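# Chain and residue survey
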Amino acid sequence: MTERPILPPELPPQQQRSGCLAALGIIAGLILLFPMACVLVIFPNQITRNDLVDPIGLLFIGAALAGIVLIVLAVRRGRGPA
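Reading the values: rules and limits
- Residues numbered from 1 in each chain as written.
- Predicted model: local features only at pLDDT ≥ 70, side-chain atom pairs only at ≥ 80, totals over all residues.
- Heavy atoms only, no water.
- Helix = DSSP H or I, 4+ residues; strand = E, 2+ residues; numbered from the N terminus.
- Buried < 20%, exposed > 50% of the residue type's maximum accessible area, 1.4 Å probe, protein only.
- Contact = heavy atoms within 4.5 Å.
- Patch = residues over 30% accessible without salt bridge, like charges linked within 9 Å, V, L, I, M, F, W, Y side chains within 5 Å.
- Areas by Shrake-Rupley, 256 points an atom, 1.4 Å probe, with all protein chains shown as cover.
- Salt bridge = Lys/Arg side-chain N within 4 Å of Asp/Glu carboxyl O.
- Expected span 1.5 Å × (residues − 1).
- Bend = angle between axes of the 7 residues up to and from the residue.
- pLDDT = per-residue confidence, 0-100.

Let us look at the overall build of the chain. Along the backbone of the chain there are three helices and zero strands. Sequence-ordered secondary structure for the chain, helices as α and strands as β, is α-α-α. In the chain, which comprises 82 residues, the share counted as buried stands at 11%. In the chain, the proportion of contacts linking residues at least 24 apart, taken out of those at least 6 apart, comes to 81%.

Okay, here's the thing in structure tokens:
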């Protein structure tokens, strides 16, 4: 009786990723990052710790963080698996 070699399961072909979707993710991330960047560039000496803890300041910080995460995800998905 001959034994058949055990073959690894075949992986499905990888789907083509949309470069347009990655570009839109990067653009949306930059738009979210823009308000906080403007505040830090235009008023760097006038920002206090209380301004950053204020609800508007927290909104700017949250939008900036969301923008950074969106850019990172768009770039990572655009490259595909390593």
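On to a nonpolar patch on the surface. A cluster of nonpolar side chains, namely Leu-24, Ile-27 and Ile-31, defines an oily patch on the protein surface of about 310 Å² accessible area. You can see Ile-31 is positioned in helix α1 (residues 19-42). Classification of Ile-31 as exposed rests on a relative accessible area of 58%.

Turning next to α1. Look at α1: 33 Å from first C-alpha to last across 24 residues, which is about the 34 Å you get at 1.5 Å a residue. When the local axis directions of α1 are compared, the greatest deviation, roughly 40°, occurs at Phe-34, which is followed within four positions by the proline Pro-35.

For the rest of this paragraph, the subject is the confidence of the model for the chain. Looking at the chain as a whole, its pLDDT mean stands at 82, while 80% of the residues score no less than 70. At the low end of the mean pLDDT range in the chain sits helix α2 (residues 49-53), at 84; at the high end sits α1, at 90.

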